[in-house]
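Listed below, chain by chain, are the residues.
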Amino acid sequence: MKISAVLNTYNASRHLAQVLERLKCFDEIVVCDMESTDNTVAIAESYGCKVVTFPKGEYTICEPARNMAIQSASNPWVLVVDADELVPKELADYLYEMVRSGNCPAGLFIPRKNMVLNRFLKSTYPDYQLRFLKKEGSNWPTTIHSVPTVDGIVGYVPKRESLAFEHINVPVSEMITKMNLYTDNECVRRKGIRASVLKILFWPTFYFFKLYFLKGGFLLGKAGYFLAAHQANYRFYMLMKAYESKAAERTPNQNK
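> Outline the pattern of salt bridges, supporting the account with residue identities and numerical values.
In this structure the tally under the stated criterion is 11 salt bridges. Notably, a salt bridge pairs Lys178 with Glu174, separated by 3.7 Å at the nearest N-O pair. With Lys178 and Glu174 both in helix α5 (residues 172-189), this residue pair falls four residues apart, about one helical turn. One continuous salt-bridge network, built from bridges that share partners, spans Arg66, Asp82, Glu85, Arg112, Asp127 and Arg131.

The following block contains the structure:
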């Protein structure tokens, strides 16, 4: 029973070699590139990856290209990896044991270790992601942060840290850039989102309180505070964009 590791890329050269090095134990690596302008494709080809191209167009997220990546795999089982995630050997071994047992669910949620300021954020663990699935019968919706559907039951990889994806630490500037792109897409996905002034005031504040105090972020020092503040800001800007959009709809166009 063979497994293909697949990933979507766009200008992912910063960590790509490190990511691909961890995937060499799989039977195939498929890189679905969204027309990168850096040397992402050259790095992928140097590792012997199967490279396919998805037209980027106006897309700013990878979800629209997920199905193409999965269906480009040659093998019946697929592990979907982000271009900033590392796969431990213990996880690869576990997945091969599962498919060889004949009792593997059609999909498996995998735990993920998130890193900020080079610290493992235990307050967000296990952050399960549905990333291991049968190629046949799977479908990945095109909206941001969507979860794939599979034809069959799903299960969970044990939440041992040795079996978890490791989310590579990213610079603050990159986190801010992603926050701007992702909140734009969140507003499109959540068309009916309510963005009252009271919600803008209280929801981000509550989210900070939840992550920093209830989830134990304060135990992680600066990294815990930084994550809680970042996630609160994410929700603040998402609500502000939704509020701005609704206000524009209510305001007549003065130029007409």
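On we go.
> Which residues make up the packing of aromatic side chains, and what values go with them?
One pass over the structure, following the stated rule, counts 14 aromatic pairs. Ring geometry for Phe208 versus Tyr212: centroids 5.4 Å apart, planes at 25°, classification stacked. With Phe208 and Tyr212 both in helix α6 (residues 197-214) and four residues apart, this pair spans about one turn of that helix. For the ring pair Tyr212 and Phe218, a centre distance of 6.4 Å and an interplane angle of 70° mean the geometry is edge-to-face. Members of the aromatic cluster, joined through ring pairs, are Phe208, Phe209, Tyr212, Phe213, Phe218 and Tyr225. The side chain of Lys56 reaches across the aromatic face of Tyr10, ending 4.9 Å from its centre. Lying over the aromatic face of Trp203, Lys199 brings its terminal NZ or CZ to 5.2 Å of the ring centre.

> Lay out unusual backbone geometry in plain terms, naming residues and giving numbers.
The amide bond that connects Tyr125 to the next residue, Pro126, takes the cis arrangement and shows omega of 15°. Within the secondary structure, Pro126 sits in the loop between β9 (119-120) and β10 (129-134). Its identity as a non-glycine residue notwithstanding, Asn11 has a phi of 50°, on the positive side. One can find Asn11 in the loop between β1 (3-9) and α1 (13-21).

> Can you break down the nonpolar core residue by residue, with the values?
Ranked by internal contacts, the top residues of the largest apolar core, which has 35 residues, are Ile3, Leu7, Leu20, Leu23, Phe26, Leu79 and Phe132. Elements supplying a minimum of two residues to this core: β1, α1, β2 (28-33), α2 (40-46), β4 (77-80), α4 (89-101) and β6 (107-110). Ranked by the residues each element gives to this core, the list is headed by α4, at seven residues. Once residues lying within four places of it in the same chain are set aside, the contact partners of Leu23 are Ala5, Leu7, Ile29, Val81 and Val87. With 16 residues, the next largest nonpolar core counts Phe54, Ala69, Ala73 and Val150 among its residues.

Cut-offs and rules
- Each chain carries its own residue numbering, running from 1 in the written order of its sequence.
- For this predicted model, a pLDDT threshold of at least 70 governs which residues receive local features, and a threshold of 80 or more governs which side-chain atom pairs are given and counted, while totals over whole chains, interfaces and linings are taken from all residues.
- With hydrogens and water excluded, all non-hydrogen atoms of the structure serve as input to the side-chain values.
- Here, a salt bridge means any side-chain nitrogen of Lys or Arg that lies within 4 Å of a carboxyl oxygen of Asp or Glu.
- Each helix is a run of H or I in the DSSP string that is no shorter than four residues. Each strand is a run of E no shorter than two, and both are numbered from the N terminus.
- Classification of ring pairs uses Phe, Tyr and Trp, with its six-membered ring standing for Trp, and accepts pairs whose centres are within 6.5 Å; under 30 degrees between planes counts as stacked, over 60 as edge-to-face, and the remaining range as tilted.
- By definition here, charges over rings are those cases where NZ of Lys or CZ of Arg is within 6 Å of the ring centre and within 35 degrees of the ring normal.
- Only buried residues count toward a nonpolar core. Its members are Ala, Val, Leu, Ile, Met, Phe, Trp, Tyr and Cys residues joined through side-chain atoms within 4.5 Å.
- Note on classification: 1.4 Å probe, protein chains only; a residue is buried when its accessible area is under 20% of the maximum for its type, exposed when over 50%, partly exposed between these limits.
- Between two residues, a contact is recorded if the distance between any of their heavy atoms is within 4.5 Å.

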